[in-house]
Amino acid sequence: MTIGSLKHAKEKKSRKSKQAVVDEQSPLLPNKHKEDAGFDEFDGASFSGAVFNLSTTIVGAGIMALPATMKSLGLILGIAMIIFMAFLTEASIELLIRFSRTSKSASYGGLMGDTFGKYGKMLLQICILVNNIGVLVVYMIIIGDVLSGTNSSGVHHAGVLEGWFGAQWWNSRFFILLVTTLGIFAPLASLKRIDSLRFTSALSVALAVVFLIVTVGITVFKLMNGTILMPRLLPDVFDMTSFLKLFTVVPVLVTAYICHYNVHSIENELEDSTQIRAVVQSSLALCSSVYVLTSLFGFLLFGDATLDDVLSNFDINLGIPLGSMLNDVVRVSYAAHLMLVFPIVFYPLRLNLDGLLFPSARPLTSDNLRFASISSGLIAIIFLGANFIPSIWDAFQFTGATAAVCIGFIFPAAVTLRDRYGIATKKDKILCIFMIVLAVFSNVVAIYSDALSLIKKNSSPSE
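Parameters at a glance
- Residues numbered from 1 in each chain as written.
- Predicted model: local features only at pLDDT ≥ 70, side-chain atom pairs only at ≥ 80, totals over all residues.
- Heavy atoms only, no water.
- Helix = DSSP H or I, 4+ residues; strand = E, 2+ residues; numbered from the N terminus.
- Buried < 20%, exposed > 50% of the residue type's maximum accessible area, 1.4 Å probe, protein only.
- Contact = heavy atoms within 4.5 Å.
- Areas by Shrake-Rupley, 256 points an atom, 1.4 Å probe, with all protein chains shown as cover.
- pLDDT = per-residue confidence, 0-100.
- Expected span 1.5 Å × (residues − 1).
- Phe/Tyr/Trp six-rings, centres within 6.5 Å; stacked < 30°, edge-to-face > 60°.
- Core = buried A, V, L, I, M, F, W, Y, C linked by side-chain atoms within 4.5 Å.
- Disulfide = S-S within 2.5 Å.
- Salt bridge = Lys/Arg side-chain N within 4 Å of Asp/Glu carboxyl O.
- Axes fitted to C-alpha atoms, helices over the stretch in contact; angles between N-to-C directions.
- Parallel < 35°, antiparallel > 145°, perpendicular 65-115°, else oblique.
- Left-handed = near helix turned anticlockwise from the far one by under 90°.
- Patch = residues over 30% accessible without salt bridge, like charges linked within 9 Å, V, L, I, M, F, W, Y side chains within 5 Å.
- Nonpolar A, V, L, I, M, F, W, Y, C, P; charged D, E, K, R; others polar.

### Thoughts on the overall build of the chain
Each helix and strand counted, the chain has 16 helices and 2 strands in total. Scored against the burial criterion, the 463 residues of the chain give a buried share of 55%. Relative to all contacts within the chain whose residues are 6 or more apart in sequence, the contacts with residues 24 or more apart total 82%. For the chain, the exposed surface amounts to about 19,900 Å²; the carbon and sulfur share of it is 68%.

Rendered as structure tokens:
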């Protein structure tokens, strides 16, 4: 071994030791301790493993709601917004990484605490709880829709198991979600290190690609047969209400790219932490490509009949050879994808709740009782939410208009504008002001539009 390699090894060891100390005060990160027997041999995550984990964080259920945004915005504006949000997300994450390194903060929570004190850190933790619980509820709703069926505008869309075996007590939504929770979510959620999920993350990305390939293939086949009508290229705006309704897609687009809460965890497990920006850029490039293709071909395939959850559209006769089998492949592959994404999003949720409830307790990974109690309690809450919230669009708009926009844009912008270390450029501050104005305005209008539509809907029968 050369002197240079010895020096590198010492620096690497020093960096990991430092992270372990910071982790004591950071609920966003796994803690490494000598008593964690299985952690001693971990030498760092690979670049590909980090890309898969971050991509899995991004490509969750948001992809299923994106074709419905095309129905609202039209293809041209819809695709442009997907690409624009990818660039805006990369810019906000770059700010987080830069300010974290300057402040020597090993987590998003640590950075918020360094900038705004303990209340800033607590606010971030609460937002992550709201966002991640909402997202995981959406995952369960989609899995229930796919396997057990759903009702939309008085029309029943049969689930895969219902189509195969007919309506049975064991393929009801409640029972399917119960079995999925106990048999898949609980075991995967019991893993204590995020890099342990790299193989399930790779499989989940592969399943999302299977969904995309089959959808593209079906759409191309129908285009060649001339059975697909020309979709709307621009939004259909005819009055102020329809104009304001366009802003209801912003929370969905914001939620589709939220991954900020896992960036530091992935960076701290990287073998070479300087690769984190390349990891982020690679993941966003991959995910935005999948988003654009899914939105484009999903909307081409179903047009104005596209549902809030496009998977529910795949229960009709597509008018192609082997259409029924391809429908099932699409739905089952994506339901399996969401099952494997669940633990990646659950990981920071559990750590943040523990940091909020037990800020002075010993590390969560070294307390099996507390680890099991928090995990089971959160899974129970998510399970109940999935059985009572009717639509993924409702859940996306709530989390996107509240917690997600804070995590993704408002908090990174606030840290930059506060600029404790004087490293923000004029360009950074202009960008941050733009992010805050866009986020606040869009979400206020989205909430107002939703409330106005609800009021009109409830008052119409009495008129």
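### Details of the confidence of the model for the chain
When pLDDT is averaged along the chain, the result is 79, and 82% of the positions lie at 70 or above. Looking across the chain, the model is least confident in helix α1 (residues 3-23), with a mean pLDDT of 44, and most confident in helix α4 (residues 75-103), with 92. Here residues 1-40 scores under 50 on pLDDT; set against residues more than four positions off or in separate chains, the count is 67 contacts.

### Things to note about helix α13 (residues 323-357)
Taking 1.5 Å per residue, 35 residues should reach 51 Å; α13 reaches 50 Å between its end C-alpha atoms and fits that length. In terms of burial, α13 is a largely internal element, 27 of the 35 residues being buried.

### Describing the environment of Thr 69
By the secondary structure assignment, Thr 69 is in helix α3 (residues 62-73). With 184 residues separating them along the chain, Thr 69 and Leu 253 place their C-alpha atoms 8.3 Å apart.

### Considering the packing of aromatic side chains
With the rule as written, the count across this model stands at 6 aromatic pairs. With centroids separated by 3.9 Å and ring planes inclined at 10°, the aromatic side chains of Phe 185 and Phe 342 adopt a geometry described as stacked. In this pair, Phe 185 sits in helix α7 (residues 173-189) while Phe 342 sits in helix α13, placing the two residues 157 residues apart along the sequence. Grouping residues by exposure puts Phe 185 and Phe 342 together as buried. One aromatic cluster in this structure is built from Phe 185, Phe 342 and Phe 346.

### Quick notes on helix α8 (residues 198-224)
Compared with the 39 Å implied by 1.5 Å per residue over 27 residues, the 39 Å span of α8 between its first and last C-alpha is a close match. Of the residues one or two after α8, Gly 226 is the one with positive phi, at around 70°.

### Some remarks on the nonpolar core
Nonpolar side chains in soluble globular proteins tend to be buried together. Counting 119 residues, the largest nonpolar core has Tyr 291, Tyr 334 and Phe 346 as its most contacted members. Ranked by residues supplied to this core, first place goes to helix α5 (residues 108-148) with 18 residues.

### Some words on the state of the cysteines
Tallied over the entire structure, the rule returns 0 disulfides. Of all cysteine sulfurs, the one in Cys 127 lies closest to Cys 406, which takes part in no disulfide; the gap is 4.4 Å.

### Observations concerning unusual backbone geometry
The phi torsion at Lys 104 lies on the positive side, around 60°, for a residue other than glycine. When you line up the elements, Lys 104 lands in the loop between α4 and α5. A positive phi angle, close to 45°, is found at Asp 419, a residue other than glycine. Tracing the backbone shows Asp 419 in the loop between α15 (392-418) and α16 (426-459).

### Quick look at the pattern of salt bridges
Summed over the entire model, instances satisfying the criterion amount to 11 salt bridges. Residue Asp 367 is joined to Arg 362 by a salt bridge in which the shortest nitrogen-to-oxygen separation is 3.8 Å. Between Asp 419 and Lys 429 there is a salt bridge whose closest N-O contact spans 4.0 Å. Taken together, the residues Asp 419 in the loop between α15 and α16 and Lys 429 in helix α16 connect sequence positions 10 residues apart. The buried category is assigned to Asp 419, whose relative accessible area is 13%.

### Some details on the packing of α7 against α13
Remark: α7 packs on α13, axes separated minimally by 9 Å, with the N-to-C direction vectors making an angle of 55°. Put simply, α7 runs oblique to α13. For the pair α7 and α13, the crossing hand works out as right-handed. Mapping the contact onto sequence places Thr 180, Ile 184, Phe 185, Leu 188 and Ala 189 in α7 and Met 339, Leu 340, Phe 342, Pro 343, Phe 346 and Arg 350 in α13.

### A closer look at a nonpolar patch on the surface
Judged by side-chain polarity, Ile 76, Met 230, Leu 233 and Leu 234 come together as a nonpolar surface patch covering roughly 430 Å² of accessible area. Note that Ile 76 resides in helix α4.

### Comments concerning the environment of Ile 218
The residue Ile 218 is located in helix α8 in this model. Once residues within four sequence positions are removed from consideration, Ile 218 is found in contact with Leu 301, Phe 314, Leu 318, Ile 320 and Leu 326.

### A look at the packing of α5 against helix α11 (residues 260-269)
Closest axis-to-axis distance for the α5/α11 pair is 10 Å, and the angle between their directions is 115°. The residues of α11 that touch α5, namely those facing Tyr 108, Ile 128, Asn 131 and Asn 132, are His 260, Tyr 261 and His 264. Grouping the amino acids of the contact of α5 with α11 by side-chain chemistry returns 3 nonpolar, 4 polar and no charged.

### Some words on the environment of Arg 232
For Arg 232, the position within the fold is in the loop between α8 and α9 (240-245). When its relative accessible area of 24% is taken as the criterion, Arg 232 is described as partly exposed. Note: C-alpha distance between Arg 232 and Ile 76 (156 residues apart in sequence) is 8.7 Å. With residues near it in sequence (within four places) discarded, Arg 232 still touches Lys 71, Ser 72, Gly 74, Leu 75, Phe 299 and Asp 304.

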